[in-house]
Amino acid sequence: MNSENPRAVLLIAPVVEGLLDKLSSAYSVYRLYEQQDEAAFLRERGVNIHAVVTRGDVGVKNTVLEQLPNVGLVAIFGVGTDAVDLEYTRSRKIAVTITSGVLTNDVADLAMGLLLAGARQLCHGDKFVREGRWLTTAPSLATQVSGKRIGIVGMGNIGQAIARRASGFDMQVLYTDRKRIENLDYQWCADIYTLAHESDFLVIAASGGAANRGMIDATVLNVMPRHAWLINVARGSLVDEKALIRALQNHVIAGAGLDVYEEEPHVPAELIALENVILQPHVASATHETRQKMSEVVFDNVAAYFDGASLPNAIE
Ligand code: 8YV
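This report concerns the structure included in the present document. (Residues numbered from 1 in each chain as written. Predicted model: local features only at pLDDT ≥ 70, side-chain atom pairs only at ≥ 80, totals over all residues. Heavy atoms only, no water.)

Moving on, we come to helix H1 (residues 17-26). Of the residues making up H1, those classed as buried are Leu19, Leu20 and Leu23. End-on, the buried residues of H1 take up no more than an arc of 100°, which puts them together on one face. Of the residues in H1, the exposed ones pointing more than 90 degrees away from the buried face are Glu17 and Ser25. Along its buried surface, H1 packs onto strand S1 (8-11), strand S2 (28-31), strand S3 (49-55), strand S4 (73-77) and helix H12 (288-307). (Buried < 20%, exposed > 50% of the residue type's maximum accessible area, 1.4 Å probe, protein only. Helix = DSSP H or I, 4+ residues; strand = E, 2+ residues; numbered from the N terminus. Arc of directions from axis to C-beta. Contact = heavy atoms within 4.5 Å.)

Here is the structure:
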């Protein structure tokens, strides 16, 4: 940390080292997550902070922003804004930026990875070979992916990237979103229930936040075909996790591929105990290449803010 530099950035949670180094070489960087007494730190230093950098999954609490009277930017390392109160930031004229565009492909890749891993039993197969069971037993049959129906919940950039990949697997693509998207040649469903009912794989790519909280509830799970899989690469808050666990335990659906959870990093023991679930630790954008690009986008936005230039990735 260079305490001489009056341009100060507050880091809410750890980010990749490259970004931390780059920020530290240009600005005074304070790490909130390392403060033993967060309240005392904010009282003492809050007035010096001009920009906040945080992760999409962590965001920043209003109680923190309230202690930063001179902050003008929240730069999110990610695309999810659900952990930032945008009404509040707007009311204070604090700009918010995201790492738009650069993580789309990785998230779509992981969605397909979870879908394939679930249907084709990749984790079971791996264990089967490692444990030497192949020597004495025939592997069990899996579920075909090609030709099946994929229902995408949320047809933004990530949803569309998943649709393109699924088309490459000869899947029939259906989706739901607030409205039909013009020039998209996939089957639109007006509501989540129709989509869930019609899909062999239901993939969540919608944004988090209050409006979508608990969208995949017991009713949705109950209308899904018994052979269907649920894949979530969006936010844990979109799924009623207790209802999902019950549905998986009772074989209401065939399985789930999850990268996100309601209370990360706490994954319910009931989910961990289930065989018909593939679990990932919120890593959809976690490749060297994408994290590098995300770092560059965050840095460029912070730099533009301090230079008084227009912010390349500001949201409305
Ligand atoms: C990141 C994310 O994993 O983009 C988002 O909103 O949740 C993810 O890409 C996260 O922001 C970094 O930890």
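Next, the rest of the story.
We now examine the site of the ligand. All residues adjacent to the ligand are Arg55, Gly56, Asp57, Phe77, Gly78, Val79, Gly80, Leu103, Arg235, His282, Ser285 and Arg291. Contact between the ligand and Arg55: an oxygen atom at 3.1 Å from a side-chain N or O atom of the residue. Between an oxygen atom of the ligand and a main-chain N or O atom of Val79, the distance comes to 2.7 Å. Considering the ligand on its own, with 330 Å² of exposed area, one finds that the protein chains cover 92% of that surface. Looking at side-chain class alone, the shell around the ligand contains three nonpolar, five polar and four charged residues. (Near = heavy atom within 4 Å. Polar contact = N/O pair within 3.5 Å; in protein donor to acceptor, adjacent residues only side chain to side chain. Areas by Shrake-Rupley, 256 points an atom, 1.4 Å probe, with all protein chains shown as cover. Nonpolar A, V, L, I, M, F, W, Y, C, P; charged D, E, K, R; others polar.)

Here we have seven strands laid out as an open sheet, ordered S8-S7-S6-S9-S10-S11-S12, and parallel in their pairing. The sheet is open, and its two edges are formed by strand S8 (187-188) and strand S12 (277-279), each paired on a single side. Note that strand S6 (residues 149-153) and strand S7 (residues 172-176) share five bridges and pair parallel. The residue bridging Ile152 from the neighbouring strand is Tyr175, located in S7. The strands touched by helix H7 (residues 157-168) are S6, S7 and strand S9 (201-204); relative to S6, the strand with the most contacts, the crossing angle is about 175°. (Pairing = 2+ DSSP bridges. Axes fitted to C-alpha atoms, helices over the stretch in contact; angles between N-to-C directions.)

A word on the nonpolar core. Formed by 50 residues in total, the largest nonpolar core has its most connected members in Leu115, Ile150, Ile152, Ile162 and Val302. Of the residues forming this core, the biggest block, nine residues, is contributed by helix H5 (residues 104-119). Residue assignment places this core across two domains, with domain 1 (8-102 + 289-306) and domain 2 (104-279) each supplying three or more. If we skip the residues at most four places from it in the chain, Ile152 touches Gly159, Ile162, Ala163, Val173, Leu174, Tyr175, Thr176, Leu195, Val203 and Ala205. Judged by nonpolar contacts, the second largest core, of 31 residues, contains Leu174, Ile253, Leu271 and Leu274. (Core = buried A, V, L, I, M, F, W, Y, C linked by side-chain atoms within 4.5 Å. Domains from an automatic or database assignment.)

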